[in-house]
Amino acid sequence: MTLAALAILAGFALLIWSADRFVEGAAATARHAGMPSLLIGMVIVGFGTSAPEMVVSAMAALDGNPDLALGNALGSNIVNTGLILGVAALIAPMAVHSRIVRRELPLLLLIGALAGWLLWDGTLSRVDALILLAGFFALVSWTIYEGLRYREDTLAAEMDKELAVHPMPLGRALFWLAAGLVLLIVSSRILVWGAVSIAHALGISDLVIGLTIVALGTSLPELAASVIAARKGEHDIAIGNVVGSNMFNLLAVVGIAGVIAPMEHVAAGVLSRDWPVMMAMTAGLFVMAYGFRGEGCINRFEGSLLLLAYNAWLVMTVTGGTG
């Protein structure tokens, strides 16, 4: 068990570092290719911050642990909304200026409802997974359209500022794009092995391990990015990063895992506890950030509510034990 615990720690450390390198390499490569900064923020960075969840869930599915893959996706969304935005809002209340981020909020609710509907019969078939992946490609297409349509959005200005801080020659950008992806796969393989070994040794379900330890670890890139953005006053990046990552998790992460290993039996806890909590948090985020009577904002009180909700769910999940 000591070796498995060390594998988890090493896997997390390498995963976080390689994800950061991968995102920076991808963003710089896109910049050299002439991609607008808004699209880099919406597509490249959004996809890149979800890369740990995608690779970890794919590795788990390939290893025959689909419950860990599903738990990683749902747990990451709960971590993103409850823990990450809660902490970021406590650091600095976050106003939503971006028109695109406001449009993504109701879309995230619809995607969450779609995922719940597909899981409602207690299975995730390959057809269900392909529906989610089709939704993912539709989302990317819509994102590109919106990015080209609203080039002057405030999110673009914030991304321009960030990209100027981290310039990178094309050769180095391509190197880190490739090396970061390889290291993501290696670190994910180490992490999944350690997590499954710990789960079996302690008699905990793969689902619970995926919802808690693995989800928290794979969400660390989002935590770092959102906290730093909040401290810099780049509120649209902080919130847009989480919203985009959550949509990618539900469509691409669950979809990829389901195509690799369809789930004939989805654990009861997913539908009775995890999906409802994720949807309640998403609905709360929508109400806080959309701005029905003007500019949306997540203040410190609302951030503390998100944190309390995350901690309550975490206690409920851990004490439940089996998922």
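Scroll up a little and you will see the structure.
A brief look at the structure comes next. (Residues numbered from 1 in each chain as written. Predicted model: local features only at pLDDT ≥ 70, side-chain atom pairs only at ≥ 80, totals over all residues. Heavy atoms only, no water.)

## Quick word on the side chain of Ser187
You can see Ser187 is positioned in helix 8 (residues 170–202). Polar side-chain contacts of Ser187 include one of 3.1 Å to the backbone oxygen of Leu184. In contact with Ser187, other than residues within four places in its own chain, are Gly11, Leu14, Leu15 and Ser18. (Helix = DSSP H or I, 4+ residues; strand = E, 2+ residues; numbered from the N terminus. Polar contact = N/O pair within 3.5 Å; in protein donor to acceptor, adjacent residues only side chain to side chain. Contact = heavy atoms within 4.5 Å.)

## Topic: helix 6 (residues 126–149)
With 24 residues, helix 6 extends 34 Å between its outermost C-alpha atoms, agreeing within 8% with the 34 Å of an ideal straight helix rising 1.5 Å per residue. Every buried residue belonging to helix 6 is among Asp128, Ala129, Leu132, Leu133, Phe136, Leu139, Val140, Thr143, Glu146 and Gly147, and all of these are buried. (Expected span 1.5 Å × (residues − 1). Buried < 20%, exposed > 50% of the residue type's maximum accessible area, 1.4 Å probe, protein only.)

## A word on the nonpolar core
By size, the foremost hydrophobic cluster in this structure holds 61 residues, and its most contacted members are Leu70, Leu85, Met94, Ile239, Val270 and Ile298. By residue number, the principal contributor to this core is helix 11 (residues 235–260), which donates twelve residues. Of all hydrophobic cores here, the second largest spans 25 residues; its members include Ala4, Met59, Ala61 and Ala69. (Core = buried A, V, L, I, M, F, W, Y, C linked by side-chain atoms within 4.5 Å.)

## Digging into the packing of helix 12 (residues 268–290) against helix 13 (residues 300–320)
For the pair helix 12 and helix 13, interaxial distance at closest approach is 11 Å and the crossing angle is 180°. Taken together, helix 12 and helix 13 sit at an angle that is classed as roughly antiparallel. On helix 13, the residues touching Arg273, Asp274, Val277, Met281 and Met288 of helix 12 are Glu302, Leu306, Ala309, Tyr310, Trp313, Met316 and Thr317. Partitioning the contact of helix 12 with helix 13 into residue classes produces eight nonpolar, one polar and three charged. (Axes fitted to C-alpha atoms, helices over the stretch in contact; angles between N-to-C directions. Parallel < 35°, antiparallel > 145°, perpendicular 65-115°, else oblique. Nonpolar A, V, L, I, M, F, W, Y, C, P; charged D, E, K, R; others polar.)

## Some points on helix 1 (residues 2–32)
Taking 1.5 Å as the rise per residue, helix 1 with 31 residues should run 45 Å; its terminal C-alpha atoms sit 45 Å apart, in good agreement. Phi for Gly34, located one or two positions after helix 1, is positive at around 90°.

## Overview of the environment of Tyr310
Turning to its location among the elements, Tyr310 is positioned in helix 13. Using a relative accessible area of 6% as the deciding quantity, one classes Tyr310 as buried. Put simply, Tyr310 and Asp20 are 290 residues apart on the chain and 25 Å apart in space, counted from C-alpha to C-alpha. Apart from the residues lying within four places of it in its own chain, the contact partners of Tyr310 are Ile78, Val79, Gly82, Leu83, Leu216 and Met281.

## Details of the packing of helix 3 (residues 51–62) against helix 11
Helix-helix packing is characterised by the crossing angle of the two axes and by the distance between the axes. As a packed pair, helix 3 and helix 11 sit with axes 8 Å apart at the nearest point and diverge in direction by 20°. On the basis of their axis angle, the class for helix 3 and helix 11 is roughly parallel. Crossing geometry of helix 3 relative to helix 11 is assigned as right-handed. Listed contacts from helix 11 to Glu53, Met54, Ser57, Ala58, Ala61 and Leu62 of helix 3 are Phe248, Asn249, Ala252, Val253, Ile256, Ala257 and Ile260. Of the residues in the contact of helix 3 with helix 11, the class split is ten nonpolar, two polar and one charged. (Left-handed = near helix turned anticlockwise from the far one by under 90°.)

## What about the side chain of Glu53?
Tracing the backbone through its elements, the reader meets Glu53 in helix 3. In this structure, Glu53 is in contact with Asn72, Ser76, Thr218, Ser219, Glu222, Asn249 and Val253, ignoring residues within four places of it in sequence.

## Quick notes on the packing of aromatic side chains
Inspection of every chain in the model, using the stated rule, returns seven aromatic pairs. Note on Phe175 and Trp176: the rings are 5.0 Å apart at their centroids and 70° apart in plane angle, and the pair reads as edge-to-face. Where Phe286 meets Tyr290, the ring centres are 5.1 Å apart and the plane angle is 40°; that geometry is what we call tilted. Within this pair, Phe286 and its partner Tyr290 are both found in helix 12, separated by four residues, close to a single helical turn. Relative accessible area serves as the criterion here: at 23%, Tyr290 is assigned to the partly exposed category. A network of ring pairs unites the aromatic residues Trp17, Phe175 and Trp176 as a single cluster. (Phe/Tyr/Trp six-rings, centres within 6.5 Å; stacked < 30°, edge-to-face > 60°.)

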